[in-house]
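Geometric and topological summary
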Amino acid sequence: MMIFENRLPRRQFLKNSAAAASTAIFGSSILGLLAQTECARPAGFGLAEEEIAEILNIALDKGGDFAELYIEEVKSLNFAMREGKFTDAALGQSSGLGVRTVEDDRNGYAYSGKIGAAEAIEAASASAYIASGSASKTSAPARIVQPPPFITVKVPLQSIPEKRKLEMVADAEATARGHSPFVKQVDISYYDENKKRLIANSNGLRIENEIPLVWVVIEVFAEKNGVRHVGRARISGHQGFEFFEANSITKAAAEAAREAVAMLEAKPAPSGRIPVVIESGWGGVLIHEAVGHGLEGDFIYKGTSIYADKLGKKVASEQVTLIDDSSWPNARGTTVFDDEGTIGRRNVLIDKGTVTGFMHDLISAKKLSMQPTGNGRRESYMHYPIPRMTNTFLDNGTGKPNDIIADTPKGVYVKSLSGGSVDTISGQFNFIVREAYLIEKGRLTTPIRGATLIGRGIDVLTNIDAVADDLKLGVGTCGKDQWVPVTSGIPTLRVADGITVGGTA
C-alpha cells in the first residue's frame, strides 16, 4: 500500500515480464518465450455496488469534498529488433487500484497493486486523512454512464499471433536497411497493450471501458565520410490490429531511412532572426510545449502560466485556432473518458487568436468555476489525475503548403523537431531541429544541420502569418511528473518573425 499527498513520482507500469537474449530472427528463444509465457487471465474487477459505495463512504469519512475509486488492468506485449536480431520480448500484466479523497485542491491518494475490496477499503482509509472537515459525507446513488465509441476495434490485438507481429517488424527492418548502403543500423521497438478501466466516484458516477494501444518507434542510423545522422519515425493509435492498414510500419521505416541518409549531406545551419516554415505533423510539439502546457488548468488557477490572465484576450494572429480534442477517433491521445470519468470532447482553447478556454480536471474546473473538459489524466493506478493535454493541434487554415514555401523568399524549412526545453511560466522555449532545409527564392534547397529554434510561445502565436490546410497529427509521450500518450499536430505554417534560429554557420 502506497500513500501520496500531492506527490506525483515518475513511475512506469510494473510488469511481470520475461526477457530473452539476442537471437537470430524468429529464433527458438523468442518464439518459445512468446508461445509459452502466459499472463494470468483477469478475473474481472469483481466488486459489488455495495462494496464500492462502502469504499467511497470510508474515503469521505473525515469530511472530504469528493472521493474516487480507480481500477485498472493492463495486458501488454513488447519486443525490439536491433542489429538485425530480436533482442528481447516480454508479455506483461499490470493491475491495481487507487482511492482518492479531495479537499479543496488537495489530494489524498493511496494505491495497491492488488484488486480487492479489502485493499480498496485500506486505501480509502488512508486517503481520507487528507481531509480536515468535521463531518463525514455520503456518496450519491450509483449512476452508470455508457462511454461513447471514440475508439473502435475490428481486429483485437490479442487475436493476432505474435509471429505475425515479428514478421511485420522484420519486413520493416529489411526495408530500412535496404534503402542505402549508408544505413548502418536499424532499431525498431514494438509495443501493444489492452487496458481495462473502472471509475466510480462519490457523485454517483460509474463508468468503465477497455481500450487498445499500438506504439512503434523506428530509428535508422546512417553514416558517410564521418558524418552521422539518426532518422526517426513513430506510429501509434488506440485501435485494433487494423491500425496497420493505414499506418504501415514498412512505410514508416522507409521514411526514417530517407531522413537519415538525406541529412548526411547537410551544411551548417545559419543563425539569426529568420522566417521559419514548419511542416505539418509532429512540428506541433512546438505548440504543445511552448503554448499547450500554459493552458492546462492547474497552471492557470495557480497563476503560474503566462496565460493565467489572458481569458478573452488576444494572444495570437487571426490565423491561430488551437484545439485539444480527446474525442478524435482512435488517436493516440484519445481517452474516450478521462481518468476521472469525464467524457472526452473537442475543446477550443484559442479561437482566431483569442483565448477562449483552458484544459481542466475536476479540481481546476471547480477552482475557476468552469466545466471539466475531460483532461484529467494519470499515468497509471499509482497516480492521481492532473490536467493534461490529449490530441492538441493548430486547426487548418486556407493556404496550400507549396504556396507558403513559394511565397517565402528566404527562410528555414523545419521538417522535424527533436527534444527541447520550455519554461511554462514565461513560455520561453529552445528546440533542437532534427531535419531542416534552406528556403531560397521560394524553393527548398540545401539540407542544414545543427539548428535550434529559440523564442517565446506567445511571440510565435502572434507572428504566424500563414497556415495551410494539411493538418496532421504526430505521436509522442508527454511528461509532466507523469507520462501519458499524446498527439501534437499542425498544418504547414509560417512564422514570419518571433523565432530565432540558432545555427553553426
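A brief structural summary. No experiment lies behind these values; they were computed from the predicted model shown.

Thoughts on unusual backbone geometry
- One non-glycine residue, K352, adopts positive backbone phi at about 50°.
- The phi dihedral of K441 is positive, around 55°, even though this residue is not glycine.
- The class for K441 is exposed, based on a relative accessible area of 79%.

A word on the pairing of strand β2 (residues 66-82)
- A large share of β2 lies buried, amounting to 14 of its 17 residues.
- Of the strand pairs in this sheet, β2 and strand β6 (residues 183-201) are connected by 15 bridges, and their pairing is antiparallel. Pairing of R82 across the sheet is with D187, part of β6.

Brief notes about the layout of surface pockets
- When its volume is computed, the largest pocket comes out at roughly 1,300 Å³.
- Together, 50 residues line the largest pocket, and R234, W282, L473, G474 and V475 are the ones closest to its centre.
- With seven residues, the single largest contributor to the lining of the largest pocket is strand β23 (residues 472-480).
- Partitioning the lining of the largest pocket into residue classes produces 17 nonpolar, 19 polar and 14 charged.

Section: the nonpolar core
- Grouped together as the largest cluster of nonpolar side chains are 45 residues, with contacts concentrated most on L286, V291, L295, Y307, I350, L453 and L461.
- Those residues within four positions of L461 in sequence are excluded, and the remaining contacts are I287, V291, Y307, V315, A316, S317, V320 and I350.
- If you look at the next biggest cluster of nonpolar residues, it comprises 36 residues, including F79, L166, I235 and A252.

Remarks on the side chain of S488
- Along the chain, S488 falls in strand β24 (residues 482-490).
- For S488, the side chain forms a polar contact with the side chain of H288, separated by 3.2 Å.
- Those residues in contact with S488 that lie beyond four places of it in its chain are G281, W282, G284, V285, H288, T392, K472, L473 and G474.

A word on empty space enclosed by the protein
- Scanning the entire structure with this criterion turns up two cavities of 30 Å³ or more.
- Reported here for the largest cavity is a volume of approximately 40 Å³.
- Lining the largest cavity are I278, G283, L286, I287, V460, I464, I490, L493 and V495.
- Those elements that place two or more of their residues in the lining of the largest cavity are α7 (285-292) and β25 (493-495).
- Along the lines of polarity and charge, the residues of the lining of the largest cavity split into eight nonpolar, one polar and no charged.

Some points on the packing of aromatic side chains
- If you walk through the whole model with that rule in mind, you get nine aromatic pairs.
- Taking 5.8 Å as the distance between ring centres and 75° as the angle between the ring planes, the aromatic pair formed by Y111 and Y381 counts as edge-to-face. Of this pair, Y111 sits in strand β4 (residues 106-112) while Y381 sits in the loop between β15 (376-377) and β16 (386-387); the two residues are 270 residues apart in sequence, bridging distant segments of the chain. Y381 carries the same exposure label as Y111, and that label is buried.
- Residues F429 and F431 carry aromatic rings whose centres are separated by 5.8 Å and whose planes lie at 50° to one another, so their mutual orientation is tilted.
- The class of F431 is buried, set by a relative accessible area of 2%.
- Aromatic ring contacts, followed pair by pair, group F79, F86, Y190, F241, F243 and F244 into a single cluster.
- Of note, K62 hangs over the ring of Y129, and the distance from its end group to the ring centre comes to 4.6 Å.

Some remarks on the sheet that holds β23
- Overall, mixed pairing links the six strands, which are arranged β14-β13-β12-β17-β24-β23 in an open sheet. Both edges of this open sheet fall to β14 (354-355) and β23, since each of them pairs with a single strand only.
- Inspection of the sheet shows strand β13 (residues 346-351) paired to β14 by two bridges, in the antiparallel sense. Bridge pairing links I350 to V355 in β14.

Considerations on the packing of helix α2 (residues 49-59) against helix α3 (residues 117-127)
- In contact at an axis separation of 7 Å, α2 and α3 are set at 20° when each is read in the N-to-C sense. Comparing their axes, α3 and α2 come out roughly parallel. Here α2 and α3 pass one another in a crossing that is right-handed. Across the interface between the two elements, E51, E54, I55, I58 and A59 from α2 touch A117, A120, I121, A124, S125 and S127 from α3.
- Its residues assigned to classes, the contact of α2 with α3 comprises seven nonpolar, two polar and two charged.

A few points about the pairing of strand β26 (residues 499-502)
- The pairing of strand β10 (residues 272-273) with β26 spans two bridges and is classified as antiparallel. Its bridge partner lying in β26, R273 is registered against T500.
- Two elements, strand β21 (residues 452-456) and β26, share four bridges in a ladder whose sense is antiparallel. Of the residues in β26, the one forming a bridge with G455 is I499.

Observations concerning the pattern of salt bridges
- All told, the structure shown has 30 salt bridges when counted by the stated rule.
- We note a salt bridge from E223 to R228, for which the minimum N-O separation is 3.2 Å.
- Of the residues examined, E223 reaches a relative accessible area of 25% and is grouped as partly exposed.
- With its nearest N and O atoms 3.0 Å apart, the salt bridge here joins K480 to D298. One end of the pair, K480, is in strand β23; the other, D298, is in helix α8 (residues 297-301), with 182 residues separating them in the sequence.
- The class of D298 is buried, set by a relative accessible area of 9%.
- Among the charged side chains, a salt-bridge network with shared partners connects E68, R100, E340 and R378.

Conventions adopted
- Residues numbered from 1 in each chain as written.
- Predicted model: local features only at pLDDT ≥ 70, side-chain atom pairs only at ≥ 80, totals over all residues.
- Heavy atoms only, no water.
- Buried < 20%, exposed > 50% of the residue type's maximum accessible area, 1.4 Å probe, protein only.
- Helix = DSSP H or I, 4+ residues; strand = E, 2+ residues; numbered from the N terminus.
- Pairing = 2+ DSSP bridges.
- 1 Å grid on protein atoms, 1.4 Å probe; cavity = no way out; pocket = protein on both sides within 12 Å on 5 of 7 lines; lining within 4 Å.
- Points joined across faces, edges and corners; volume = space filled by probe spheres on them.
- Nonpolar A, V, L, I, M, F, W, Y, C, P; charged D, E, K, R; others polar.
- Core = buried A, V, L, I, M, F, W, Y, C linked by side-chain atoms within 4.5 Å.
- Contact = heavy atoms within 4.5 Å.
- Polar contact = N/O pair within 3.5 Å; in protein donor to acceptor, adjacent residues only side chain to side chain.
- Phe/Tyr/Trp six-rings, centres within 6.5 Å; stacked < 30°, edge-to-face > 60°.
- Lys NZ or Arg CZ within 6 Å of the ring centre and 35° of its normal.
- Axes fitted to C-alpha atoms, helices over the stretch in contact; angles between N-to-C directions.
- Parallel < 35°, antiparallel > 145°, perpendicular 65-115°, else oblique.
- Left-handed = near helix turned anticlockwise from the far one by under 90°.
- Salt bridge = Lys/Arg side-chain N within 4 Å of Asp/Glu carboxyl O.

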